[in-house]
Amino acid sequence: DVMLTQSPLSLPVTLGQSASISCRSSQSLVYSDGNTYLNWFQQRPGQPPRRLIYKVSNRDSGVPDRFSGSGSGTEFTLKISRVEAEDVGVYFCMQGSYWPTFGGGTKVEIK
Amino acid sequence: EVQLVESGGGLVQPGGSLRLSCATSGFSFSTYWMSWVRQTPGKGLEFVANIDRDGNKKNYVDSVKGRFTISRDNAKDSMYLQMSSLRTEDTAVYYCARDPFFSAWDYWGQGTLVTVSS
């Protein structure tokens, strides 16, 4: 199975500052159709995961433009600009190019 | 509004069985693949099984093959997970999720807790 390694595990952030989460894949996530099926999810305490970004950089409807995804091949990044209190939670990368697998998660908290 | 509501979780002894249900509304159920994903504090999120639009194609994670069966009833806009020969390691919150393409799950239920313990 494809392994996704996220870093850091924990990310204390000051309100209004930016935060970046890295997701590294054990192999290229480029599928045979040319698409890269790397997605990002947010999970707030006590809630199910919520998709934020699909296919590397496409933001879901209703997701603030403070959230952005980038990357290619095996290296991907989720950036949160101007962190707000409502952004507290665990963020997961997940790939669907092969058998679906998740990263271990990054816990974002306010300093 | 798209809604997915799981039910059927609970406490069961090792070797026992449970049937999870996922009732959906707010979208054309029969046009989507559907999935079950589980979450534990220790192992994190894990894809369990999925089923195609007609219920003909099904995929399972190796650890549940031969023990779990995924199914759907498009007339009832519902999906199911029949779990048998349950093990302690199956203890988790089980989510149903809609799959628009390549497991890019865009809507999730609130989850149902399955606890396997004697």
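Below you will find a few notes about this structure. (Residues numbered from 1 in each chain as written. Chains lettered and ligands numbered in written order. Predicted model: local features only at pLDDT ≥ 70, side-chain atom pairs only at ≥ 80, totals over all residues. Heavy atoms only, no water.)

With that settled, the discussion passes to the overall build of chain A. Helices and strands together make up the secondary structure of chain A, namely 0 helices and 11 strands. Here the C-alpha radius of gyration of chain A, 13 Å, is about what a compact globule of 111 residues would show, namely 13 Å. Counting only C-alpha atoms, chain A reaches 40 × 25 × 25 Å along its principal axes. Contacts in chain A between residues far apart in sequence, at least 24 positions, make up 53% of those at least 6 positions apart. Total accessible area on chain A stands at roughly 5100 Å², and carbon and sulfur atoms take up 46% of it. Each charge sign in chain A was given a centre, from 11 positive and 9 negative side chains, and these centres are 3 Å apart. (Helix = DSSP H or I, 4+ residues; strand = E, 2+ residues; numbered from the N terminus. Rg over C-alpha atoms; globule rule 2.2 N^0.38 Å. Contact = heavy atoms within 4.5 Å. Areas by Shrake-Rupley, 256 points an atom, 1.4 Å probe, with all protein chains shown as cover. Lys, Arg positive; Asp, Glu negative; His and termini not counted. Charge placed at Lys NZ, Arg CZ, Asp CG, Glu CD.)

Using the criterion set out here, one finds 15 aromatic pairs over all chains in the structure. Measuring from centroid to centroid gives 4.8 Å for Tyr-31 of chain A and Phe-102 of chain B, while their planes differ by 70°, and the two rings are edge-to-face. Pair noted here: Tyr-31 of chain A is in the loop between β3 (19-25) and β4 (38-43) and Phe-102 of chain B is in the loop between β9 (92-99) and β10 (107-108), and the two residues belong to different chains. With a relative accessible area of 30%, Tyr-31 of chain A lands in the partly exposed category. Relative accessible area serves as the criterion here: at 31%, Phe-102 of chain B is assigned to the partly exposed category. Centroid distance Tyr-95 of chain B to Trp-108 of chain B: 5.7 Å. Interplanar angle 80°. Geometry classified as edge-to-face. Of this pair, Tyr-95 of chain B sits in strand β9 while Trp-108 of chain B sits in strand β10, and the two are 13 residues apart along the sequence. By the burial criterion, Tyr-95 of chain B is buried, and Trp-108 of chain B matches it. Every member of this aromatic cluster is reached through a ring pair, and the members are Phe-41, Trp-99 and Phe-102 of chain A together with Phe-47, Tyr-95, Trp-105 and Trp-108 of chain B. Sitting over the ring of Phe-101 of chain B, Lys-55 of chain A keeps its end group 5.6 Å from the ring centre. (Phe/Tyr/Trp six-rings, centres within 6.5 Å; stacked < 30°, edge-to-face > 60°. Buried < 20%, exposed > 50% of the residue type's maximum accessible area, 1.4 Å probe, protein only. Lys NZ or Arg CZ within 6 Å of the ring centre and 35° of its normal.)

Grouped together as the largest cluster of nonpolar side chains are 27 residues, with contacts concentrated most on Trp-36, Met-79, Leu-81, Met-83 and Tyr-94 of chain B. Secondary-structure elements contributing two or more residues to this core are β3 (18-25), β4 (33-40), β5 (44-51), β7 (68-73), β8 (78-83), β9 and β11 (112-116) of chain B. Of all hydrophobic cores here, the second largest spans 22 residues; its members include Val-2, Leu-4, Leu-78 and Cys-93 of chain A. (Core = buried A, V, L, I, M, F, W, Y, C linked by side-chain atoms within 4.5 Å.)

Next up on the list: the interface of chain B and chain A. Note on interface size: it is often stated as the accessible area lost on association of the parts. At the interface, 19 residues of chain B touch 19 residues of chain A. Approximately 1600 Å² of surface area, both sides summed, lies buried where chain B meets chain A, with 70% of it carried by carbon and sulfur atoms. If you sort the residues of chain B by the area they bury against chain A, Leu-45, Phe-102 and Trp-108 of chain B come out on top, with a joint share of 37%. Broken down by element, the side of chain B that touches chain A gets its largest block of residues, 3 residues, from β5 of chain B. By residue class, the composition of the side of chain B that touches chain A is 12 nonpolar, 5 polar and 2 charged. (Buried area = accessible area lost by both parts, 1.4 Å probe. Nonpolar A, V, L, I, M, F, W, Y, C, P; charged D, E, K, R; others polar.)

Moving on: the sheet that holds β8 of chain B. Residues and elements named next belong to chain B. Spatial ordering of the open sheet is given by β1-β3-β8-β7, a layout of 4 strands whose pairing is antiparallel. Two strands lie at the open edges of the sheet, namely β1 (3-7) and β7, each paired on one side alone. Between one strand axis and the next, the sheet turns through 15° on average, direction left out of account. In terms of strand pairing, β3 meets β8 through 6 bridges, oriented antiparallel. Bridging from a neighbouring strand, Leu-18 pairs with Met-83 of β8. (Pairing = 2+ DSSP bridges. Axes fitted to C-alpha atoms, helices over the stretch in contact; angles between N-to-C directions.)

Applying the stated rule across the entire model yields 2 disulfides over all chains. In this model Cys-23 of chain A forms its disulfide with Cys-93 of chain A; the gap between the sulfur atoms is 2.1 Å. Here the disulfide of Cys-23 of chain A and Cys-93 of chain A is right-handed, its torsion about the S-S bond being about 80°. A residue pair is termed long-range when its members are at least 10 positions apart, and Cys-23 of chain A in strand β3 and Cys-93 of chain A in strand β9 (residues 89-95) qualify at 70 residues. The class for Cys-93 of chain A is buried, based on a relative accessible area of 0%. Between the sulfur of Cys-22 of chain B and that of Cys-96 of chain B lies a disulfide, 2.1 Å long from S to S. Handedness here is read from the sign of the S-S torsion; for Cys-22 of chain B and Cys-96 of chain B, about 65°, the answer is right-handed. Note that Cys-22 of chain B is positioned in strand β3 and Cys-96 of chain B in strand β9, a separation of 74 residues in sequence. Taking relative accessible area as the criterion, Cys-96 of chain B reaches 0% and is therefore assigned buried. (Disulfide = S-S within 2.5 Å.)

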